[in-house]
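# Topology and contacts: notes
So you can see what is in the structure, the chains are spelled out below.
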Amino acid sequence: MAALLSDFGHDLPTTPGPIRSAGKSPRLFNYAPRRGAARAGRGWTPATTPVHTYRMTSDQAPVFWPFIKAPALPPTGAQMGIDEGSGGSFYCDPFGWVLNDAIPVTNPNIFYFAKPGTGKSATVKAFCGRMMPFGYRTLILGDPKDEYEPLCRFYGVEPFAIGPGMRTRINPLAMGPLGQGWDDLPAAEARRRATIIFGRWLTLVRGLVGSMRIGTSHVPFGPTDADVVQTALEALTGYSEGTTTLRETTIPHLWHLLHNPTNDLVNTSRHASRQQFLDHTRTLRDALGQLVKGVLAGLFDDHTNIEIDWRAPIQSLSLSRLDDLGDEAVGIALLCLNSWGRGMRETAEPGDLRIVVRDESWRQLRLGPEAVKSFDADLRLSRGMAGRGGDIQFAIAHKPSDLLAAGDAGSQAATIAKDLLDLADVKILGGQNPKVARELDSMLGLGAIAQDLVTGWARQVKGRALWSVGETTYKVQTVLHPLEQKLTWTNQALETAAS
């Protein structure tokens, strides 16, 4: 008792003092007599209730009242469902949270971890649909399972299908809006844009090369490789010649130039001979060849032949036709689409708000450290666009350890992938198996209570999840409208197989 009172600034005397009559003090409550109040309709009470008063700060109060609810978020953005901690409605507004200094959120990105069948995709689709009235549009950069096709068709949009035998072509080396009006640009602005464009292309090529393996190790991409690719791209686009209009190039053009290097390319890249150049760039050419003559031939090896309506409420690029080619092929396709999508969004118009959904993101992260760096660049783009448009990068995976699939424990890829969590201040944790509890504690530091929630409470009903907004967590039950339930149902294939 002495220690408890000392925490609140009251010290007990060390030696007993003289006993004094306490006298009567003002009562906090007026107790009813044991026989009840002396008027009709009042009964008797068997005992009085003792009342104790304590003085403490607001930081100390939760020790005595541990179940006090976290501060409620403002009612802005998409109304997602019920906050079961307070019984009120829960709203999700990532950009609104960033702009509100009272909420510890510095970026609008979201990571969603949940095992299959827990209502993960339904929550994502409901969020996308409910943010549309606030001016947000949705871009699905790769739909490996065609889960978003019903939602697209509901809004009158036909998804673009990418796969062997399909006519859709995407050029990951497209310049995007930054390449427009080049002949009217001041020299300083042209150099700035060129730095962004060539940097994006180098990130893509680095990821493609790094996805290849020699034995158990990923193919390295060093400074010399970067210099060769940069020099080749500058020659192909005409930038090194100082042309007033940049030429759009493709992966096959780059691949053929590296196979048949010009004397200028050999000399500029500081190789002693043409043969030395070919020997040094063999793995580089082999990696690019996967998009030219490998399993992904005919998909990303020509100029883009589709017109994206950026004013449509939703757009989706379907990758389900690649499923038979394996996870690595799907991962490379996601890498190409993400690079292309980043180029299309680099000069978003003011007020162009978009939710960029990255489903099955773990497939790209498995390609190695360079692919992880490309994903890292995508997440950082959302913060850099705050002064123009605005992108909410919504990454979806099964569990936090999916980020570690990029490499062995302690490797560079695993370290970078783990740091990706810091680029998303909003994390949604759906139902998980008990073995995931230790992962949550080690990677997110949420503690034992959060572990019990995601492995117990969140698994009992679909749509339940623990929302971590900054450093505050909320127990949320997503509530779907009957129409949303039809649009978000993802078990059609299982029902067909069972019948």
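Presented here is an overview of the structure given in this document. (Residues numbered from 1 in each chain as written. Predicted model: local features only at pLDDT ≥ 70, side-chain atom pairs only at ≥ 80, totals over all residues. Heavy atoms only, no water.)

## Examining the sheet that holds strand β8 (residues 314-318)
Spatially, eleven strands are ordered β2-β1-β13-β12-β11-β3-β10-β9-β4-β8-β5 in an open sheet, and the strand pairing comes out mixed. For this open sheet the edge positions go to β2 (88-92) and β5 (160-161), each flanked by a neighbour on one side alone. Pairing between strand β1 (residues 78-83) and strand β13 (residues 472-478): three bridges, direction antiparallel. Residue pairing across strands places I82 opposite Q477, the latter belonging to β13. (Pairing = 2+ DSSP bridges. Helix = DSSP H or I, 4+ residues; strand = E, 2+ residues; numbered from the N terminus.)

## As for the side chain of S374
Here S374 is to be found in helix α14 (residues 369-384). What makes S374 buried here is its relative accessible area of 1%. Apart from the residues lying within four places of it in its own chain, the contact partners of S374 are T203, L335, R342 and Q364. (Buried < 20%, exposed > 50% of the residue type's maximum accessible area, 1.4 Å probe, protein only. Contact = heavy atoms within 4.5 Å.)

## A look at the pattern of salt bridges
The full count for this structure, using the stated rule, is 15 salt bridges. For the salt bridge of D352 with R354, the shortest nitrogen-to-oxygen distance reads 3.1 Å. Summarising the burial analysis for this pair, D352 and R354 share the class buried. For the salt bridge of E360 with R363, the shortest nitrogen-to-oxygen distance reads 3.6 Å. (Salt bridge = Lys/Arg side-chain N within 4 Å of Asp/Glu carboxyl O.)

## Focus on unusual backbone geometry
In this structure, D146 is a non-glycine residue whose phi angle is positive, near 55°. Mapped onto the elements of the fold, D146 is located in the loop between β4 (136-143) and α5 (149-154). Note on D146: relative accessible area 19%, which makes it buried. The phi angle at E360 is positive, at roughly 50°, despite the residue not being glycine.

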